[in-house]
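Here's the letter readout for the chains.
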Amino acid sequence: DFDALAFYRVDNAYFFDEPPRDIGKLLNEEYTTNIYCPKEYTSEWNSSSVDKWVRDKITFIPLSEIQAAVDAETGGRTALSQDVTPAENSEASSAQAEATVPVVTDKGRGWNLTDDGVLTMESDAAWMDYLHNGPEKTVKTLVIGKNVTDFCMYDVSYKNLERKDETGRILISHEDRFTPIFRVVYQDPKFMPFQIEVQEGNRSFVVSDGLLIDHVKKAVVLSDIRVKDVVIPEGIRSISAWAFYSRNVQTISFPSTLQTIGAGAFSNCRSLTCVILPDSVTTLEPAAFQGSGIQELKLSKNIRVIEGEVFSGCDMREVTLPDSVEIIGVSAFSSCFQLEHINLPEGLKVIDISAFYFCEKLQDITFPASLERIRLGAFERCFGLKTVVLPDTFKEIDDCVFGWCELETLYIPEHFKISMVPNAERPNEGWSEEENTSRSFGVYSVETVIFAGSDYDFGEYAIREADQVIFLGKPPRNIDDLFYKLTSNTVRYPEEFESDWMAVSSKYSLVKVPIETLNDMVTAKLDQNEKPTPTPRPTPKPTAKPTAKPTTRPTATPKPTLMPSPTPMPEAENGAGADPVIIALGVAIALVVAAVVYLAVRGRKPRKKPRVK
């Protein structure tokens, strides 16, 4: 009773019985090498109910040989011997005895691999040769030879092109821009050892608590697959690429000396839920924590760049970036499906391609005034994003930054441009080399669009669908080309620019509105956003109007003078503990004063009109 692909990568699969249900879904066709089945069940395994790819990989051998092979793999710890006949047990014992002597099955330049899963690296060139030419087999024990001085799990010059079809969206055709991510994505460790040993006499490497440490470079190079609660020793400066890839790490403690975490170092560590980086860390290489289970994240105050794919696919709900961060890299937080809030620092300059792609729960964000560029698809498919206020200091974004988002409010500064993305800088998904980008926001729909000015350089139909449109300035060029569909068919503009708007020929209904009303409408839309600062910009023009209005209504000013009349009452209440005679006398005086004021005002009213006129 297993889920599909319960065993993703299998070198040798041994079956003691007839085929289980859905055997084709249990194993992965691409990454299952050998399937051994007992001759006693040949007809059952050759049945049409068994997937063809499974039948093609089956080797039928006697049950006794299967038992011997499994005993050799497990040291005879299985409970299946009782199902084998005595004669078969005798055969299995003989086979096991022969199998106890390791036999070298694969070898290359400076390395060899035995049938019991022991891989020995004898020289510095060994790993590079094994990476390119070695088999993808289970390695139980990795032995670092006494002459090895340089070893790491990652070769920056190597690309495993066979993995291209697996990478999905991150497949980038233009390597000049995306080389670091490209190379990380297209290779992963060829093995994850159960145990690591260093031959006596090696002067560069030691093993401590399951960690292979290069004490010359002060680096953790690799870990065995059993590590769970990890403490990186003080003095370590770097954690090498893929060092903890896909381990069951549950807790990690970093030293105050750590500076660099390598590419893919903690990728796919799903049990790792909390990461607190010391301020000594300055570099997180691509995909360092990609696909890990991080729910709580505290970053170093000295990280300037969040590299590509670093936290892609993690489980954080909220992230606060330190003030030191200037660049958020390609797909840095993509597919963080639980991410709701991202606090961007003042000082941030670039949000790169697909940085927050498919963060479907991401809510309203505040862009800092320092921001200079938002790249292609940075917030694509962020379906929880409802309010976007682009700061007035911001002048330009790439095409389709908010692809497929359904916004409630979009505020656009006075001067703004959507740039075409060159072919050499696009992911190769869905584009042809000859096809131009649309130079649009990419949003699926917007309820209210607010244009602070009129100086805009967009492509045709920059906004696919909108309901309410508000302009706070003069009309832009080609207003009819801004929207593919305008549900209300109405564009509101300030009445002080009526002459400019009347000169515009548009298919939409143009409605002039007092600037105060427009400001109220804008404020109502942006009152939940921390940076509604752009809205007051149009107000200097209509400020002259309020000064003229009071001259037409002078009679209203005397009315407030009557309002203070109830004020003596609270004073009487405050003195509730005083002499009743004094209270009564105070009330009588107040009534007399009120009567005198009333008669005086009534008597002066006829003489007031000529003075006002």
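Anything mentioned here points back to the structure above.
Quick summary incoming for the structure in this document. (Residues numbered from 1 in each chain as written. Predicted model: local features only at pLDDT ≥ 70, side-chain atom pairs only at ≥ 80, totals over all residues. Heavy atoms only, no water.)

**A look at the overall build of the chain**
Rules: Elements are defined by DSSP. Helices are runs of H or I of four residues or more, strands are runs of E of two residues or more, and each kind is numbered from the N terminus. Note on exposure labels: buried denotes an accessible area under 20% of the residue type's maximum, exposed denotes more than 50%, and partly exposed covers the range between, all computed with a 1.4 Å probe on protein chains only. Values of accessible area rely on a 1.4 Å probe in the Shrake-Rupley scheme; residue burial ignores everything except the protein chains shown.
Each helix and strand in the chain was counted, giving twelve helices and 34 strands. Counting only residues that meet the buried cut, the chain has 43% of its 613 residues in that class. Working note: accessible area of the chain is about 31,300 Å², and carbon and sulfur atoms make up 51% of it.

**Examining the environment of T393**
The condition is simple: Counted as a polar contact is a pair of N or O atoms within 3.5 Å, where, for protein atoms, one must be capable of donating a hydrogen and the other of accepting one, and residues adjacent in sequence contribute only when both atoms are in side chains.
Relative to the helices and strands, T393 resides in the loop between β25 (387–389) and β26 (396–398). C-alpha of T393 to C-alpha of F416: the two residues are 23 residues apart in sequence and 9.7 Å apart in space. Among the polar contacts made by the side chain of T393, one reaches the main-chain carbonyl oxygen of A369 at a distance of 2.8 Å.

**Some details on the nonpolar core**
The following threshold applies: For our purposes a nonpolar core is just a set of buried Ala, Val, Leu, Ile, Met, Phe, Trp, Tyr and Cys residues, chained together by side-chain atoms within 4.5 Å. We call two residues in contact when some of their heavy atoms are within 4.5 Å.
Judged by nonpolar contacts, the single largest core of 91 residues is most densely connected at F244, F289, F311, I351, F356, F379 and F441. Listed by contribution, the elements that provide at least two residues to this core are β10 (211–214), β27 (406–412), β28 (415–419), β29 (445–451), β31 (463–471), β32 (483–486) and β33 (490–494). Ranked by the residues each element gives to this core, the list is headed by β31, at four residues. The residues touching F244, leaving out its near neighbours within four places in the chain, are L211, V220, S223, V227, V230, I232, I239, V249, A265, F266, S267 and C269. Counting residues in hydrophobic clusters, the runner-up holds 25 residues, among them W111, W127, I144 and L222.

**Some thoughts on the sheet that holds strand β5 (residues 111–114)**
We apply this condition: Any two strands between which DSSP finds at least two bridges are classified as paired. Lines fitted to the C-alpha atoms define the axes, with helices restricted to the stretch that makes contact. Angles between their N-to-C directions range from 0 to 180 degrees.
The mixed open sheet is built from five strands, whose spatial order is β4-β5-β6-β7-β8. Either end of the sheet is taken by a strand with one partner, and the two such strands are β4 (104–108) and β8 (195–198). Ignoring which end each strand starts from, the neighbouring axes of this sheet average 15 degrees apart. Pairing of β5 with strand β6 (residues 118–121) involves three bridges; the strand directions are antiparallel. Paired with L113 across the two strands is L119, which belongs to β6. Against the sheet, helix α6 (residues 124–133) touches β4, β5 and β6, its axis set at about 130 degrees to β6.

**With respect to unusual backbone geometry**
The backbone of K218 shows a phi angle near 55 degrees, a positive value even though the residue is not glycine. Residue K218 is classed as partly exposed on the basis of its relative accessible area, which comes to 34%.

**Things to note about a negative patch on the surface**
To be explicit about the condition: A patch is a set of surface residues, each over 30% in relative accessible area and not in a salt bridge, joined within 9 Å for like charges and within 5 Å for the nonpolar side chains Val, Leu, Ile, Met, Phe, Trp and Tyr. By salt bridge we mean one thing: a side-chain nitrogen of Lys or Arg within 4 Å of a carboxyl oxygen of Asp or Glu. For this count, His and the chain ends are skipped, Lys and Arg are scored as positive, and Asp and Glu as negative. Charge coordinates come from a single atom per side chain, which is NZ of Lys, CZ of Arg, CG of Asp or CD of Glu.
There is a patch of like negative charges on the surface, built from D22, E29, E30 and D51. The exposure class assigned to E30 is exposed, which follows from its relative accessible area of 54%.

**What to know about a nonpolar patch on the surface**
A grouping of F383, W404 and Y444 is seen on the molecular surface, where their side chains present a nonpolar patch of about 280 Å² in accessible area. Topologically, Y444 is positioned in the loop between β28 and β29. By relative accessible area, Y444 is classed as partly exposed at 31%.

**A closer look at the packing of aromatic side chains**
Note the following rule: In summary, the pairing rule links any two rings of Phe, Tyr or Trp, Trp by its six-membered ring, whose centres are within 6.5 Å, and it sorts them by plane angle into stacked for under 30 degrees, edge-to-face for over 60 and tilted for everything else.
For the coordinates displayed, the defined rule picks out 33 aromatic pairs. Considering the side-chain rings of F416 and F458, the 6.5 Å spacing of their centres and the 75 degrees angle between planes classify their relative orientation as edge-to-face. Here the residue F416 occupies a position in strand β28, and F458 occupies one in the loop between β30 (455–457) and β31, the gap between them amounting to 42 residues. Here F416 falls in the buried class, since its relative accessible area comes to 3%. A residue is classified by how much of its surface remains accessible, and F458, at 13% relative accessible area, is buried.

**Overview of the pattern of salt bridges**
As enumerated under the stated definition, the model contains 13 salt bridges in all. For the salt bridge of D106 with K137, the shortest nitrogen-to-oxygen distance reads 3.1 Å. Here the residue D106 occupies a position in strand β4, and K137 occupies one in the loop between α6 and β7 (141–144), the gap between them amounting to 31 residues. The network of salt bridges with common partners includes R373, R375 and D398.

**Observations concerning the side chain of S300**
Structurally, the position occupied by S300 is in the loop between β18 (296–298) and β19 (305–306). Within the local environment of S300, its side chain forms a polar contact with the backbone oxygen of D279, the two atoms lying 3.2 Å apart. A distance of 3.1 Å separates a polar side-chain atom of S300 from the backbone nitrogen of N302. Every residue in contact with S300, bar those within four places of it in the chain, is listed here: L277, P278, D279, S280, V281, P322 and S324.

**Quick notes on α6**
Among the residues of α6, A126, W127, D129, Y130 and L131 are the ones counted as buried. Close packing links the buried residues of α6 with β4, β5 and β6.

**Details of the environment of I374**
You can see I374 is positioned in strand β24 (residues 373–374). For the pair I374 and A355, spaced 19 residues apart in sequence, the C-alpha to C-alpha distance is 9.2 Å. The residues contacting I374, other than those within four sequence positions of it, are I351, F367, F379, F394, E396, I397, D398 and V401.

**Re the sheet that holds strand β1 (residues 10–14)**
Read from one edge of the open sheet, three strands run β1-β2-β3, paired in parallel fashion. The strands lining the two open edges of the sheet, one partner per strand, are β1 and β3 (58–61). With direction set aside, neighbouring strand axes in the sheet form an average angle of 20 degrees. In the packing of helix α4 (residues 63–74) onto the sheet, the strands contacted are β1, β2 (32–38) and β3, and the crossing angle to β2 comes to about 130 degrees.

**A short note on the pairing of β29**
Burial runs high along β29: six of the seven residues are buried. Relative to β29, β27 runs parallel, the two being bridged by six bridges. Residue pairing in the sheet places E406 in a bridge with S445 of β29.

**Observations concerning the pairing of β33**
Among the five residues in β33, four count as buried, and that is most of the element. Note that β31 and β33 share two bridges and pair parallel. In the strand pairing of β33, V469 is matched with V491.

**Observations regarding helix α9 (residues 515–526)**
Test applied: A helix is expected to span 1.5 Å multiplied by its residue count minus one. Directions pointing from the helix axis toward each C-beta atom define the arc.
The first and last C-alpha atoms of α9 sit 16 Å apart over twelve residues, in line with the 16 Å expected at 1.5 Å per residue. Taken as a whole, α9 has its buried residues at I515, L518, N519, V522 and L526. Along α9, the residues classed as buried sweep out an arc of 100 degrees about the axis, all on the same side. Opposite its buried face, α9 presents the exposed residues D520 and A524, each directed more than 90 degrees away.

**Examining the environment of F416**
For the pair F416 and D457, spaced 41 residues apart in sequence, the C-alpha to C-alpha distance is 6.5 Å. Contacts of F416, omitting those with residues within four sequence positions, involve L390, F394, K395, E396, I397, F441, D455, Y456, D457 and F458.

Any functional reading would require information beyond the geometric quantities listed.
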